[in-house]
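The primary structure of each chain is shown beneath.
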Amino acid sequence: MWILNESHCLWVLNLLIILWPLYVYLQLLVVLLEVLVKAVAWKEMDGDSLCGEDDNFDWDSEDEREIENCRLSASSSLTLPTAEATANTAVASSSVGSSGSKLIDHFVGMGFPQKMVAEAIQENGEENTDLILETLLKCSARSSAGSSGSKLIDHFIGMGFDAEMVAKAIQENGEGNTDTILETLLTYSAIKKSPEEQPHVDSDHWSSEYDGDLLDDFSDIDSFENEEIAKSEPDEGNTLLFLARMGYTVEEASIAVERCGPDATIAELTDFICAAQMAKAADASFPEEKPKLKHFDDDYPKHKKRSYYEYDLWKRKQRMKLEKRMLHGDDELLRLPNPMIGFGVPTELAVVTHRTLPEAAIEPPYFYYENVALAPKGVWSTISRFLYDVEPEFVDSKYFCAAARKRGYVHNLPVQNRFPLLPLPPRTIHEALPLTKKWWPSWDTRTQLNCLQTCVGSAKLTDRIRKAIEDYEGDPPLSIQKYVLDECRKWNLVWVGRNKVAPLEPDEVEMLLGFPRNHTRGGGISRTDRYKSLGNSFQVDTVAYHLSVLKDLFPGGINLLSLFSGIGGAEVALHRLGIRLKNVVSVEISEVNRNIIRCWWEQTNQTGNLIDIVDVQQLNADRLEQLMNSFGGFDLVVGGSPCNNLTGSNRHHRSGLEGKESSLFFDFCRILDLVKCIMTRN
């Protein structure tokens, strides 16, 4: 008797695995044979048909078809059959006549609708059955796509969007890209939900992020504190309600009041909220971690998209994390000064005329460290503690140029007898970019730009803004104005034509940051690299004002150790001050930036020595001592470690000085200590 054991079961299972593909193949073969039999039947019925001319239909897919006008009504893409269309179908059927009834019955028997068959015969004639079949197949495909589009429409309507708005978004973006459709719907919702009449605040005091952004970070966005607010502040105790009516969430308003204090003005509170929102500006190089997405529905298994509920839940979790981190942090809050003029700026009276440095900071060399001012709680306290307890100097570069740049500087330089670079750079948009004044609308009250970032607004965004305002002969409604101004503030867009905005050109960014013209241009450097390098650089006029005290201290020139050199902001500042660069050791990991510094060095005919080192972590005590013995030590150590983990739209994660990039600050401290030790010993 044959006994079934485990090995037999495995053998049977393997046999089934081998035979299953053969079974599937045979099933497909049967289906193909049935199709061939029907094809032979068509040929026998109609004889050898000739190939007709190409049809005139455009069968391009939606994502290949360019939609010229996004303001077409939704009904244009969701037209239902009308009485006229029905009548035309009846005429088509009658025109075919009795001679074609057999042909109609044949195609109807194949499963095509009678109306579709009649239209195909009327269009192609009765003689060419191949062309009729091809037309019917294409019409069926289009009908199927329309059905899928209907399900997509129903899906977005189920998310709470208006049907007309959904149809308009699908017509503009096509059915294939649901992410873009959702983004467009959120934009339309922001415009629609924005109240027609709102408390008017001077536009330089606030801005808001596009829909979908959340309060999860801080960044550099300008607040022009010295300009007056057009309308009165809210009554005491009503600040939260006032902010809520302006469109901010309760969480955003509450955290802003907690951070800025109960006596803060609306301008200060909205500036804080907008700085947090600005940090969410997308940088494709460093995507945020997102929760796993679900399918839209069973008919779209290949397109995994986030549902509105999941997106909202994710936003709430991020807000809760930030609120917990901000409200229950262990570090003491280091409040930023207002106005942010440090120990004085050329256009304002000096706040500090003398300061007493800790004893450890008085010893040579001079050092100068820079990073973003709006960092997480405790970061600047830590930076100060590691740099000999020197008090940070917080300065906004809007007092030096036409763009904001909130930065903190820790240094042991004298603060008396500073002087600015001459001529003084322009401090307003129209002074810096005079050609924009002709096209600047009266309702755009910006006078200065926000912090210059590493990325710029896209062509699609500027086109969307043009479409949003071009239909209005005069000023657009307040809701449209708010949407446009929010995007212009966030991306530093300027007016270059009627209803046309554009991002700043790299040459314009160079000028605003105080670099010579074409400093980052050419040599195989792409526009993207130029924006990135400039966005991470010093503002030269600001740094030069602080370093100006060195001119009398080192009349014969200076030996400079430049850590995290970037594109040479410190070197350019010293050169423009007329301080000779005798020996410069430049430590910069980016080859693009090293090439920029090298080209500038040669073009300005520097007579000193430039030594390149790639990685700051490779600069050890032996290498430092070797360099210092060759030319007698360093007079100035300058640098600004990466801010990726601190703030800004180019961050990886907001993990503070413990983050992978921003922890390089401790290499600045290590190297500075080594330089001090070697110089003391020698």
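Just above, that's the structure.
Only a predicted model underlies this, so the values are computations on that prediction, with no experimental measurement involved.

### A closer look at the pairing of strand 11 (residues 636-639)
Okay, step 1: Residues Leu-636 and Val-638 of strand 11 are buried on one face, and the alternating residues Val-637 and Gly-639, pointing to the opposite face, are buried as well.
Okay, step 2: Taken together, the four bridges between strand 8 (residues 558-563) and strand 11 define a ladder with parallel strand orientation. Along strand 11, the bridge assignment pairs Ser-562 with Val-638.

### Some thoughts on the nonpolar core
Okay, step 1: Residues Val-484, Leu-547, Leu-550, Leu-574 and Leu-636 are the most contacted members of the largest nonpolar core, which totals 68 residues.
Okay, step 2: Residues Met-340, Leu-624, Val-637 and Ile-671 belong to the second largest nonpolar core, which totals 38 residues.

### A look at helix 6 (residues 163-173)
Okay, step 1: Among the 11 residues in helix 6, eight count as buried, and that is most of the element.
Okay, step 2: Buried residues of helix 6: Met-165, Val-166, Ala-167, Ala-169, Ile-170, Gln-171, Glu-172 and Asn-173, and no others.
Okay, step 3: Gly-174 occupies a position one or two residues after helix 6 and carries a positive phi of about 85°.

### Brief notes about the packing of helix 23 (residues 621-631) against helix 24 (residues 665-681)
Okay, step 1: At a closest axis distance of 10 Å, the pairing of helix 23 and helix 24 adopts a crossing angle of 50°. Here helix 24 runs oblique to helix 23, going by the angle between their axes. Handedness of the crossing formed by helix 23 with helix 24: right-handed. Note on element contacts: helix 24 touches helix 23 through Ile-671, Leu-674, Val-675, Ile-678, Met-679 and Arg-681, opposite Ala-621, Leu-624, Glu-625 and Met-628.
Okay, step 2: The class makeup of the residues in the contact of helix 23 with helix 24 is eight nonpolar, no polar and two charged.

Each value, and the rule that gives it
Residues numbered from 1 in each chain as written. Predicted model: local features only at pLDDT ≥ 70, side-chain atom pairs only at ≥ 80, totals over all residues. Heavy atoms only, no water. Buried < 20%, exposed > 50% of the residue type's maximum accessible area, 1.4 Å probe, protein only. Helix = DSSP H or I, 4+ residues; strand = E, 2+ residues; numbered from the N terminus. Pairing = 2+ DSSP bridges. Core = buried A, V, L, I, M, F, W, Y, C linked by side-chain atoms within 4.5 Å. Axes fitted to C-alpha atoms, helices over the stretch in contact; angles between N-to-C directions. Parallel < 35°, antiparallel > 145°, perpendicular 65-115°, else oblique. Left-handed = near helix turned anticlockwise from the far one by under 90°. Contact = heavy atoms within 4.5 Å. Nonpolar A, V, L, I, M, F, W, Y, C, P; charged D, E, K, R; others polar.

Any functional reading would require information that these geometric values do not contain.
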